[in-house]
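This is what each chain is made of:
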Amino acid sequence: MLLAGFFAAALFVGLIVGDWLYFIRLTPYAIRYGCRVADRSEQWPNTALSTVQERFTPNGLLMLPHGVARFYPELSQIAIRPQYRFFSRRFRTAWPVKGLIHLAPHDHALGTLCVKRIPWSSTLITFMWFALVAIGSLTFVVQYAMEGGFASLGGALVGLGIIGLAGLVLAFGLVTLAFSYRLEDTRLMKVYEELRETLSSPVSS
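Here's a quick rundown of the structure. Numbering of residues begins from 1 in every chain and follows the order in which that chain's sequence is written. A pLDDT threshold of at least 70 governs which residues receive local features in this predicted model, and a stricter bar of 80 or more applies before side-chain atom pairs are shown or counted, although totals over entire chains, interfaces and linings include all residues. Excluding hydrogens and water, the side-chain values take into account all heavy atoms of the structure.

1. Some thoughts on the overall build of the protein chain
Reasoning step 1: In terms of regular secondary structure, the protein chain is built from 4 helices and 6 strands.
Reasoning step 2: Think of it this way: any DSSP run of H or I at least four residues long counts as a helix, any run of E at least two long counts as a strand, and we number them from the N terminus. N-terminal to C-terminal, the α/β element order of the protein chain is α-β-α-β-β-β-β-β-α-α.
Reasoning step 3: Note that the radius of gyration is over C-alpha atoms, with the globule rule given as 2.2 Å times the number of residues to the power 0.38. The C-alpha radius of gyration of the protein chain comes to 23 Å, more than 25% above the 17 Å expected for a compact globule of 205 residues.
Reasoning step 4: In terms of overall dimensions, the protein chain has a C-alpha envelope of 80 × 40 × 30 Å along the principal axes.
Reasoning step 5: Residue contacts are defined here by distance: any two heavy atoms, one from each residue, within 4.5 Å place the two residues in contact. In the protein chain, the proportion of contacts linking residues at least 24 apart, taken out of those at least 6 apart, comes to 66%.
Reasoning step 6: For every accessible area listed, the method is Shrake-Rupley and the probe measures 1.4 Å; residues are considered covered only by the protein chains on display. As displayed, the protein chain has an accessible area near 12,800 Å², and 70% of this comes from carbon and sulfur atoms.
Reasoning step 7: Each charge sign in the protein chain was given a centre, from 18 positive and 12 negative side chains, and these centres are 6 Å apart. Positive charges are assigned to Lys and Arg, negative charges to Asp and Glu, while His and the chain termini are left out of the count. Where a charge lies is defined by one atom per residue type, namely NZ (Lys), CZ (Arg), CG (Asp) and CD (Glu).

This is the structure in structure tokens:
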């Protein structure tokens with residue numbers, strides 16, 4: 001039984017690591033992998049598809065100060081993500097964000113739609129955690145009430161304290177999730193702005 005538990009834990013960790021490693025890849029299939037969480041649509045003036053292709057290497061790569069971009073001319077798409085370095089001193093969260101920019105040429109401008117995604121493992125674990133806390137707390141309160149826990153003043157106070165504690169745990173989880181997503185989204189948007197500035201700047205001779 002203990003060996004089976006270790007095997008299950010190793011398999012679980014391996015699936016998460018594999019999910020993240022595939023998530024950060026910039027292959028034509030991997031760029032569309034992940035849970036869609038947000039979109040950003042805007043116009044890039046004085047930018048054309050030909051200008052975009054000139055800024056990338058023949059392999060379609062463009063290294064930016066805080067990230068990397070890859071252009072797929074046959075798909076009219078640009079994949080972007082922040083740099084992920086091993087042993088980095090920067091704080092990393094469990095909800096990394098990458099972007100896929102869909103390009104649509106217009107007159108004297110380039111229409112863009114940036115689709116933001118996070119790993120599926122992060123989404124599923126987050127959902128399971130919130131569901132476990134919410135369902136577990138609700139089940140305990142129902143059982144506590146059916147056993148007469150709220151019949152006395154002391155029991156009612158204990159029950160309210162448990163409900164309040166569960167609410168604090170859920171609130172802490174929501175705050176952590178919001179803070180982490182905002183941090184990772186800020187990092188992605190920094191790469192996004194660097195890409196836009198690079199594409200809009202004149203080509204050096």
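2. What to know about the packing of aromatic side chains
Reasoning step 1: Pairing of aromatic side chains here covers Phe, Tyr and the six-membered ring of Trp, requires ring centres within 6.5 Å, and sorts the geometry by plane angle: under 30 degrees stacked, over 60 edge-to-face, intermediate tilted. Scanning all chains against the criterion turns up 5 aromatic pairs.
Reasoning step 2: A ring pair is formed by Phe 140 and Tyr 144, whose centres lie 6.0 Å apart and whose planes are at 15°; its orientation type is stacked. Here Tyr 144 and Phe 140 lie together in helix α3 (residues 120-146), a separation of 4 residues that amounts to about one turn.
Reasoning step 3: Any residue under 20% of the maximum accessible area for its type is buried, any over 50% is exposed, and the rest in between are partly exposed; the area is computed with a 1.4 Å probe on protein chains only. Overall, Phe 140 belongs to the partly exposed group, its relative accessible area being 39%.
Reasoning step 4: Only when the NZ of Lys or the CZ of Arg is both within 6 Å of the ring centre and within 35 degrees of the ring normal is a charge said to sit over the ring. Its end group placed over the ring of Phe 23, Lys 98 keeps NZ or CZ at 4.5 Å from the ring centre.

3. Considering the pattern of salt bridges
Reasoning step 1: Whenever a carboxyl oxygen of Asp or Glu lies within 4 Å of a side-chain nitrogen of Lys or Arg, that contact is scored as a salt bridge. All chains considered together, the criterion is met by 7 salt bridges.
Reasoning step 2: Between Arg 196 and Glu 42 there is a salt bridge, with its nearest N and O atoms 2.8 Å apart. Residue Arg 196 is located in helix α4 (residues 153-200), and its partner Glu 42 is located in strand β1 (residues 35-45); the two are separated by 154 residues in the primary sequence.
Reasoning step 3: Judged by relative accessible area, which is 18%, Glu 42 ranks as buried.
Reasoning step 4: Arg 196 is paired through a salt bridge with Glu 193; the nearest N and O atoms lie 2.5 Å apart. Of the two residues, Arg 196 and Glu 193 both sit in helix α4, 3 residues apart, roughly one turn of that helix.

4. Considerations on the sheet that holds strand β2 (residues 61-64)
Two orientations exist for strands paired in a sheet by backbone hydrogen bonds: parallel and antiparallel.
Reasoning step 1: The antiparallel open sheet is built from 6 strands, whose spatial order is β1-β6-β5-β4-β3-β2. Sheet topology places β1 and β2 at the edges, where each strand pairs with a single neighbour. Averaged over all adjacent pairs, the angle separating strand axes in this sheet is 20°, with direction ignored.
Reasoning step 2: Should DSSP find at least two bridges between two strands, the strands are taken to pair. Pairing between strand β4 (residues 77-82) and strand β5 (residues 98-106): 4 bridges, direction antiparallel. Counterpart to Ala 79 in the pairing with β5 is Leu 100. Throughout, an axis means a line fitted to C-alpha atoms (over the contacting stretch in the case of helices), and angles, computed between N-to-C directions, take values from 0 to 180 degrees.

5. Let's talk about the nonpolar core
Reasoning step 1: One finds Phe 56, Ala 69, Ile 78, Ile 80, Ile 101 and Leu 195 to be the most contacted residues of the largest nonpolar core, which totals 23 residues.
Reasoning step 2: If you tally residues by element for this core, the top one is α4, at 6 residues. Residues enter a nonpolar core if they are buried and are Ala, Val, Leu, Ile, Met, Phe, Trp, Tyr or Cys, with the set joined through side-chain atoms within 4.5 Å.

6. Side note on the packing of α3 against α4
Reasoning step 1: Relative orientation of the contacting elements α3 and α4 amounts to 175°, with a least axis distance of 11 Å. With respect to each other, α3 and α4 are oriented roughly antiparallel. On α4, the residues touching Thr 126, Trp 129, Phe 130, Val 133, Ala 134, Ser 137, Phe 140, Val 141 and Tyr 144 of α3 are Gly 155, Val 158, Gly 159, Ile 162, Ile 163, Ala 166, Val 169, Leu 170, Gly 173, Leu 174 and Leu 177.
Reasoning step 2: Looking at side-chain class alone, the contact of α3 with α4 contains 15 nonpolar, 5 polar and no charged residues. Here the word oblique covers every angle except those under 35 degrees (roughly parallel), over 145 (roughly antiparallel) and from 65 to 115 (roughly perpendicular). Three classes are used: nonpolar for Ala, Val, Leu, Ile, Met, Phe, Trp, Tyr, Cys and Pro, charged for Asp, Glu, Lys and Arg, and polar for all others, with Gly counted as polar.

7. Here's the deal with the pairing of β4
Reasoning step 1: Of all 6 residues in β4, 6 are buried; the element is thus mostly enclosed.
Reasoning step 2: Residue alternation in β4 divides its side chains into two sets, Gln 77, Ala 79 and Arg 81 and Ile 78, Ile 80 and Pro 82, and both sets are buried.
Reasoning step 3: In the sheet, strand β3 (residues 67-72) pairs with β4 via 6 bridges, with the strands oriented antiparallel. Looking at the pairing, Arg 70 lines up with Ala 79 of β4.

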